[in-house]
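A look at the structure
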Amino acid sequence: MIYTLDWIVEHWSQIKALLQAFFCGGIAFVIAFKYQRNGSTYRFLPSFCAFGMASLLAQQWLYVIGGILIYNEWPEVSIYDTLIFAFMFLLVVRSKGNVARMFHCKDKEASR
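Thresholds applied
Residues numbered from 1 in each chain as written. Predicted model: local features only at pLDDT ≥ 70, side-chain atom pairs only at ≥ 80, totals over all residues. Heavy atoms only, no water. Salt bridge = Lys/Arg side-chain N within 4 Å of Asp/Glu carboxyl O. Helix = DSSP H or I, 4+ residues; strand = E, 2+ residues; numbered from the N terminus. Buried < 20%, exposed > 50% of the residue type's maximum accessible area, 1.4 Å probe, protein only. Expected span 1.5 Å × (residues − 1). Contact = heavy atoms within 4.5 Å. pLDDT = per-residue confidence, 0-100. Core = buried A, V, L, I, M, F, W, Y, C linked by side-chain atoms within 4.5 Å. Phe/Tyr/Trp six-rings, centres within 6.5 Å; stacked < 30°, edge-to-face > 60°. Polar contact = N/O pair within 3.5 Å; in protein donor to acceptor, adjacent residues only side chain to side chain.

1. Comments concerning the pattern of salt bridges
Tallied over the full model, the rule gives one salt bridge. Its salt-bridge partner being K16, residue E76 comes within 3.8 Å of it at the nearest N-O pair. One end of the pair, E76, is in the loop between α3 (44–69) and α4 (79–94); the other, K16, is in helix α2 (residues 12–34), and 60 residues separate them in sequence. With a relative accessible area of 61%, E76 lands in the exposed category.

2. Describing α3
For α3, which comprises 26 residues, the first-to-last C-alpha distance of 36 Å matches the rise-based estimate of 38 Å (1.5 Å per residue) to within 8%. Along α3, the residues that are buried comprise A50, M53, A54, L57, V64, G66, G67 and I68. Of the surrounding secondary structure, the elements contacted by the buried residues of α3 are α2 and α4.

3. A look at the confidence of the model for the chain
For the chain, mean pLDDT is 84; residues scoring 70 or higher make up 90% of the total. The secondary-structure element of the chain with the lowest mean pLDDT is helix α1 (residues 5–10), recorded at 84, while α4 shows the highest, at 93.

4. Some thoughts on the nonpolar core
Core analysis: the biggest nonpolar cluster contains 17 residues, and I27, I31, M53, L57, F85, M88 and V92 have the highest contact counts within it. Put simply, the parts of the chain that give this core at least two residues each are α2, α3 and α4. Here this core gets six residues from one element, more than from any other, and that element is α4. The residues touching I31, leaving out its near neighbours within four places in the chain, are A50, M53, A54, V92, G97 and V99. With five residues, the next largest nonpolar core counts A17, A21, I68 and V77 among its residues.

5. Some remarks on the packing of aromatic side chains
The tally for this structure, following the rule as stated, stands at five aromatic pairs. Considering the side-chain rings of F23 and F89, the 5.6 Å spacing of their centres and the 45 degrees angle between planes classify their relative orientation as tilted. Here F89 lies in helix α4 and F23 lies in helix α2, a separation of 66 residues in the sequence. Seen in terms of ring centroids, F29 and F33 are 5.1 Å apart; in terms of plane orientation they differ by 45 degrees. Their pairing is tilted. Here F29 and its partner F33 are both found in helix α2, four residues apart, which amounts to about one turn of the helix. By relative accessible area, which is 63% here, F33 ends up exposed. Among the aromatic side chains, those forming a connected cluster through ring pairs are F22, F23 and F89.

6. Some words on the environment of Y42
By secondary structure assignment, the location of Y42 is in the loop between α2 and α3. Y42 has contacts with R37 and S47, leaving out every residue within four places of it along the chain.

7. Some words on α4
Taking 1.5 Å of rise per residue, 16 residues should cover 22 Å, and α4 covers 23 Å from first to last C-alpha, within 8% of that figure. Among the residues of α4, those classed as buried are T82, F85, A86, M88, F89, L91 and V92. Among the structural elements, α2 and α3 are those in contact with the buried residues of α4. Regarding α4, its N-cap is S78, as a side-chain oxygen of that residue lies 3.1 Å from the backbone nitrogen of Y80 further along. Looking one or two residues past α4, K96 carries a phi angle of roughly 60 degrees, positive in sign.

Laid out in structure tokens, this is it:
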């Protein structure tokens, strides 16, 4: 099937919804299952932020996918939210799920 520009414009809201579901589910999955401590110490605030991010983004994923599968309706999502989730997804994948290291530009081991 060849996708033309008309097809993309016609299905833009569905594409945005699927992208947002992908990014939210990906962030929640990486934070929940990919992060490994490797002997680091427990810190309450980053752990609380990681739990909150994983919970909220999994809830957004359920809202989008549940609306599609259960109610057969495509939820209206914002392109700005989708872009923010895409940026957060890149940061989480780059930091391998470590929320405390997510916004650090330098890697500690690379600077040694």
